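# Observations on the three-dimensional arrangement
Chain by chain, the residues run as shown.
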Amino acid sequence: MTGSARELIDAVQAELAPHDDDNRLVPLVETGEAPREVFAAIAAEEYRIVRSDWRSFLHLASRAQERNAREFFATLASGEGLALGKLPALAGESPGFEPRAGCQAYPAFVAWLALNGEPADVIVAIVANFAAFGRYCAAIAAAMRERYGFDDEACAFFDFFGAPSPELEDLAVKAVQAALDAGRLSGKDARTHARLFQAYELDFWNTLADDGGRD
């Protein structure tokens, strides 16, 4: 497969866009209709997800042969480490917490990709989902302040992921372009990974929307 990395990533993102609004939790948070308990539920689920994704991204970095791809995954892993430190201000994992299958399917898929995915294909899938995830987090952070009265420390996790990262995206484009030029990227696999990334992420949010954040 040849062509422009930027064009490929944009095309995959455009294919996903019609389903970005299938997230049922974020609109409830934006209007203040979600119960306050849902934020502790998010934090408890994320506490497991972040630790898993941290290891998965480090494994992908170790498997990647191209320098930009290695740096991309290493940077993602570093970000997960930073994000983990922001969760206790919102809520940690309580002794009675039971993880929800619909929330934990996402990190299970990331772990599968860490073992089986071609790194460049995985990068396309991750970056194609960046914009929607960033919008979700930015919207939640704004609503937490405006609708629920949370302070900056409690919102820090969502602020972190809601902020754009042009440096990370630049690494991704360089890594994908190198894979395209070398003929080591499968557009079909990248699109499949991206579609599943989106589906599992929507499962996370919609599972919490459906049970209202109950333990």
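Quick notes on the rules
Residues numbered from 1 in each chain as written. Predicted model: local features only at pLDDT ≥ 70, side-chain atom pairs only at ≥ 80, totals over all residues. Heavy atoms only, no water. Helix = DSSP H or I, 4+ residues; strand = E, 2+ residues; numbered from the N terminus. Buried < 20%, exposed > 50% of the residue type's maximum accessible area, 1.4 Å probe, protein only. 1 Å grid on protein atoms, 1.4 Å probe; cavity = no way out; pocket = protein on both sides within 12 Å on 5 of 7 lines; lining within 4 Å. Points joined across faces, edges and corners; volume = space filled by probe spheres on them. Nonpolar A, V, L, I, M, F, W, Y, C, P; charged D, E, K, R; others polar. Phe/Tyr/Trp six-rings, centres within 6.5 Å; stacked < 30°, edge-to-face > 60°. Axes fitted to C-alpha atoms, helices over the stretch in contact; angles between N-to-C directions. Parallel < 35°, antiparallel > 145°, perpendicular 65-115°, else oblique. Left-handed = near helix turned anticlockwise from the far one by under 90°. Contact = heavy atoms within 4.5 Å.

The name an unreviewed UniProt entry assigns to the protein chain is Transcriptional regulator, from the organism Amycolatopsis alba DSM 44262.

### Details of the overall build of the protein chain
A tally of helices and strands in the protein chain yields nine helices and zero strands. In the protein chain, the succession of helices and strands from N to C terminus is α-α-α-α-α-α-α-α-α. Dimensions of the protein chain along its principal axes, counting C-alpha atoms only, are 50 × 35 × 30 Å. The buried share among the 215 residues of the protein chain stands at 48%.

### Observations regarding empty space enclosed by the protein
Counted under the stated rule, the structure contains one cavity of 30 Å³ or more. By volume, the largest cavity is sized at about 50 Å³. Considering each element in turn, the lining of the largest cavity owes the most residues, four residues, to helix H6 (residues 119-146). Of the residues that constitute the lining of the largest cavity, the class distribution is four nonpolar, two polar and two charged.

### Some details on the packing of aromatic side chains
Within the structure shown, the criterion is met by 14 aromatic pairs. Summarising the aromatic geometry, the rings of Phe109 and Tyr200 are spaced 5.2 Å apart at their centres and angled 45° between planes, so their arrangement reads as tilted. Remark: Tyr200 occurs in helix H9 (residues 187-211) and Phe109 occurs in helix H5 (residues 101-116); sequence separation between them is 91 residues. Residue classification places Tyr200 among the partly exposed positions, given a relative accessible area of 25%. The interplanar angle of 70° and the centroid separation of 6.0 Å between the aromatic rings of Tyr136 and Trp205 together place this pair among those described as edge-to-face. With Tyr136 in helix H6 and Trp205 in helix H9, the pair connects residues that are 69 residues apart, well separated along the chain. Relative accessible area serves as the criterion here: at 8%, Tyr136 is assigned to the buried category. By the ring-pair criterion, three or more aromatic residues cluster together here, those being Tyr106, Phe109, Trp112, Phe197 and Tyr200.

### Structural notes on the packing of helix H3 (residues 37-63) against helix H4 (residues 67-84)
Relative orientation of the contacting elements H3 and H4 amounts to 160°, with a least axis distance of 8 Å. Overall, the two elements H3 and H4 adopt an arrangement that is roughly antiparallel. Seen along the crossing, H3 lies across H4 with a hand that is left-handed. Taking contact as the criterion, the partners of Tyr47, Val50, Arg51, Asp53, Trp54, Phe57, Leu58, Leu60 and Ala61 in H3 are, on H4, Arg70, Phe73, Ala74, Leu76, Ala77, Glu80, Gly81 and Leu84.

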